[in-house]
Amino acid sequence: MERIPILKMGEFLLVTIQVDMHDRLALQLQDDLTNRISQTGAKGVLIDISALDIVDSFIGRMLANISLMSRVLDAATVVVGMQPAVAITLVELGLTLPGIRTALNVEKGMELLRAYAAGVASGGGDGGANVGADGEGADGGPVR
Amino acid sequence: MADPSGSETLPIRTSTDVVQVRQAVRRAVTQLGFSLVDQTKMVTAASELARNTLEYGGGGTVRLETLQEGARRGLRLTFEDQGPGIPDVERALTDGYTTGSGMGLGLGGARRLVNEFAVTSEVGVGTRVVIARWK
């Protein structure tokens, strides 16, 4: 069966979506990721969508669901690499992706995840309530 | 392949067909020389409407037609199904309104992404959505 690969790197999971996903494949990814977070105890999920040339409401909902589910499982999600034309279209479509953290590229996304895992991030945008709840220990170095 | 001066009709029966529709629309707008943002808007609108045809209409077809009006060129897409129809089209166009599992952005969202938009629907007969975008 067709699947999007999920890579584990340290305490993070990495997903690069490189195919034009049909809806069932998107749902499969959502399930697979949730299972992997739970199995591995991953602290963060990075989803690279730089190869996606559209994000419609279905894929938007999948990204929002992954973000919510990972939060419940104590992992942060960062979506990286959205193409500018995709961002423009999303806004006109009316999709605001509430609760989804984004970063420009993989490198910045990884920085963000490391910061969340270290518990020092202040939660960019909305709903970053559970990460960085223990705001101290910023200088102590991430020893988790 | 999309014939630049003609039309083609594609089936929408499975979620893989929705992907095929997106790719066919992408080919057509690329051939028409749409800007990347305009291409993205049209392909996204097509994706939303193709999914509606599948999920709410129980499957159907889409026709792609290249338009020429003087120096203007564009693409028209006609989505048709023989599904249950939409009892209240105005309401279906409202953001957030859905009878399915979606976010209720499909119809209203697609309307904002195109230049021309028309829905005709009859309960028990089916639904037709026509959109067009000009270069």
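Definitions and limits used
- Residues numbered from 1 in each chain as written.
- Chains lettered and ligands numbered in written order.
- Predicted model: local features only at pLDDT ≥ 70, side-chain atom pairs only at ≥ 80, totals over all residues.
- Heavy atoms only, no water.
- pLDDT = per-residue confidence, 0-100.
- Contact = heavy atoms within 4.5 Å.
- Helix = DSSP H or I, 4+ residues; strand = E, 2+ residues; numbered from the N terminus.
- Pairing = 2+ DSSP bridges.
- Axes fitted to C-alpha atoms, helices over the stretch in contact; angles between N-to-C directions.
- Phe/Tyr/Trp six-rings, centres within 6.5 Å; stacked < 30°, edge-to-face > 60°.
- Lys NZ or Arg CZ within 6 Å of the ring centre and 35° of its normal.
- Buried area = accessible area lost by both parts, 1.4 Å probe.
- Salt bridge = Lys/Arg side-chain N within 4 Å of Asp/Glu carboxyl O.
- Polar contact = N/O pair within 3.5 Å; in protein donor to acceptor, adjacent residues only side chain to side chain.

Remarks on the confidence of the model for chain A
Confidence in the prediction for chain A averages 85 pLDDT; 82% of positions are at 70 or higher. With pLDDT under 50 throughout, residues 123-144 of chain A is counted as low confidence; its partners more than four residues away or in other chains account for 25 contacts.

Re the side chain of Thr40(B)
Here Thr40(B) shows up in helix α2 (residues 36-55). Look past the residues within four positions of Thr40(B) in its chain and what remains in contact with it is Asp53(A), Ile54(A), Ala85(A), Val86(A), Thr89(A) and Arg26(B).

Focus on the sheet that holds strand β3 (residues 44-48) of chain A
Residue and element names in this part refer to chain A. Ordered in space as β1-β2-β3-β4-β5, the five strands form an open sheet in which the pairing is mixed. Of all strands in the sheet, those bounded by a partner on one side alone are β1 (6-9) and β5 (101-103). For this sheet the average axis-to-axis angle between neighbouring strands, irrespective of direction, equals 25 degrees. Direction of pairing for β1 relative to strand β2 (residues 12-16): antiparallel, over a ladder of four bridges. Considered in β2, the bridge of methionine 9 is made with phenylalanine 12. Across the face of the sheet, helix α4 (residues 106-117) comes into contact with β1, β2, β3, β4 (76-80) and β5 while running at roughly 170 degrees to β4.

Quick word on the packing of aromatic side chains
Summed over the entire model, instances satisfying the criterion amount to zero aromatic pairs over all chains. A cation over a ring is seen here: Arg101(A) above Tyr116(A), with NZ or CZ 4.6 Å from the ring centre.

Focus on the sheet that holds strand β1 (residues 7-12) of chain B
All names here are of chain B. Here five strands make up an open sheet; going across it, the order is β1-β2-β3-β5-β4 and the pairing antiparallel. The open sheet has two edge strands, β1 and β4 (116-122), and neither has a second partner. The sheet shows a mean angle of 15 degrees between the axes of neighbouring strands, direction not considered. Bridge count between β4 and strand β5 (residues 126-134): seven bridges; the pairing is antiparallel.

Digging into the interface of chain B and chain A
At the interface, 23 residues of chain B touch 20 residues of chain A. Regarding the contact of chain B and chain A, the summed buried area is about 2000 Å², with carbon and sulfur atoms giving 55% of it. At the surface where chain B touches chain A, the tally comes to six salt bridges. Across the salt bridge formed by Arg22(B) and Asp20(A), the nearest N and O atoms sit 2.6 Å from each other. On inspection of chain B and its partner chain A, the count reaches 10 residue pairs in polar contact (both at pLDDT 80 or more). For the side of chain B that touches chain A, the elements supplying multiple residues, two or more each, are α1 (15-31), α2 and α4 (106-113) of chain B.

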